[in-house]
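Summary of structural features
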Amino acid sequence: MRNRPLRIGIDLGGTKIEAIALNASGSVLARRRVATPHGDYELTIRAIVDLVCGIEKELGGLGTVGVGTPGAISPATGLIKNANSTVLIGHSFDKDLSSALKREVRLSNDANCFALSEAVDGAGAGAEIVFGVIIGTGTGGGIAVRGKILTGLNAIAGEWGHNPIPWPRQEELPGPQCYCGKKGCLETFLSGPGLSRDFLNATGLHHEPTEIVRLAEANEQAAETCLRRYEDRLARGLAHVINILDPDVIVLGGGMSNIQRLYDRVPRLWDQYVFSDRVDTKLLRPIHGDSSGARGAAWLWPVEPRQLI
Ligand SMILES: [Zn+2]
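Notes on the structure in this doc start here. (Residues numbered from 1 in each chain as written. Predicted model: local features only at pLDDT ≥ 70, side-chain atom pairs only at ≥ 80, totals over all residues. Heavy atoms only, no water.)

The calculated volume of the second largest pocket comes to roughly 310 Å³. Along the wall of the second largest pocket there are 21 residues; nearest its centre are L107, S108, I149, T151 and L300. Within the residue set of the lining of the second largest pocket, elements represented by two or more residues are strand 5 (72-73), strand 7 (105-109), helix 3 (110-121) and strand 10 (148-149). (1 Å grid on protein atoms, 1.4 Å probe; cavity = no way out; pocket = protein on both sides within 12 Å on 5 of 7 lines; lining within 4 Å. Points joined across faces, edges and corners; volume = space filled by probe spheres on them. Helix = DSSP H or I, 4+ residues; strand = E, 2+ residues; numbered from the N terminus.)

Spelled out as structure tokens, the structure:
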């Protein structure tokens, strides 16, 4: 190992498993990815073990292993809950992985890993409180405080996607049906499919979010109006978070974080909802992009000061 602390982070996604190896200063030493085995728990464990062993062979040393997964480990049962990757639900994934890899493996929610990655050496580096938001096909969130994940008693800290949309307009009630069983969850408005549905309801046309953004840039009125509604909803959702958590930085991740106008417009809209004379909270693009999940998983093993000497 040549005195080189090696951190391996695994991002377990629905379509791919990505592995990254970082040194103590966050430089990438190795990177690998494989397709996620479909619907097979044992093969998922095997794929992660192969990735870790492959990287360790390549770099010549053992590393710590952290894994970012959909869902969370239920503190009550030790089993994975809330995962949209159903193959993990009900398994002691951390214990099974630890015994397969013959070492302690740390596990956290993928949105938590995103928040941690951006807090350690990304857009929120140096900030005390970072709220990381992933808005893509779903809407998730994670909180990092002083460079560590805030997990919470129920392991759901930062999960704002299934709160109802705050300060609702008349036409937003009761809101679209959510898969969680409730109506009008933030996710039903803010996810990519939520934006597409809003545009469909207004125009009768189905477009992907990227196309709606392109139409708005081409001064298409319905698309512009739809995006303005979206920005106001995102501002209300985040204002709710600011009122409770008061983060220094909010970092957007997931597909919707590629909509550039959000970073300028949303902070101008949230002032009216936040209970404060002024709002200095920053809304920032992610620095590490798609690597954030794997990087954050690697940082589940924090750097001790002596390792930096
Ligand atoms: Zn919901």
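Our focus in this paragraph is the pairing of strand 1 (residues 7-12). Where burial is concerned, most of strand 1 is hidden: 6 out of the 6 residues are buried. Of the two faces of strand 1, both are covered, the one formed by R7, G9 and D11 as well as the one formed by I8, I10 and L12. Between strand 1 and strand 2 (residues 16-22), which pair antiparallel one after the other, the connecting turn spans 3 residues. The pairing of strand 1 with strand 4 (residues 64-69) spans 5 bridges and is classified as parallel. Each residue of the ladder has a partner; that of R7, found in strand 4, is T64. (Buried < 20%, exposed > 50% of the residue type's maximum accessible area, 1.4 Å probe, protein only. Pairing = 2+ DSSP bridges.)

Between two packed helices, what matters for the description is the angle formed by their axes and the separation of those axes. Running from amino to carboxyl end, helix 5 (residues 192-203) crosses helix 6 (residues 209-217) at an angle of 55°, the nearest separation of the two axes being 9 Å. By the criterion of interaxial angle, the relationship of helix 5 to helix 6 is oblique. When helix 5 is examined against helix 6, the residues G192, L195, S196 and F199 are found in contact with a partner set consisting of P209, I212 and L215. When grouped by side-chain class, the residues that make up the contact of helix 5 with helix 6 number 5 nonpolar, 2 polar and no charged. (Axes fitted to C-alpha atoms, helices over the stretch in contact; angles between N-to-C directions. Parallel < 35°, antiparallel > 145°, perpendicular 65-115°, else oblique. Contact = heavy atoms within 4.5 Å. Nonpolar A, V, L, I, M, F, W, Y, C, P; charged D, E, K, R; others polar.)

Glancing now at helix 3. Over its 12 residues, helix 3 runs 17 Å from end to end, which matches the ideal 16 Å to within 8%, given 1.5 Å per residue. Extensive coverage of helix 3 is indicated by the burial of 9 of its 12 residues. Residues A111, N112, C113, F114, A115, L116, S117, E118 and A119 constitute the buried set of helix 3. (Expected span 1.5 Å × (residues − 1).)

This next bit is on the environment of K183. Tracing the backbone through its elements, the reader meets K183 in the loop between strand 10 and helix 4 (186-190). Residues K183 and V133 lie 50 residues apart in sequence; the distance between their C-alpha atoms is 21 Å. Among residues more than four places away in sequence, those in contact with K183 are P174, G175, P176, Q177 and C178.

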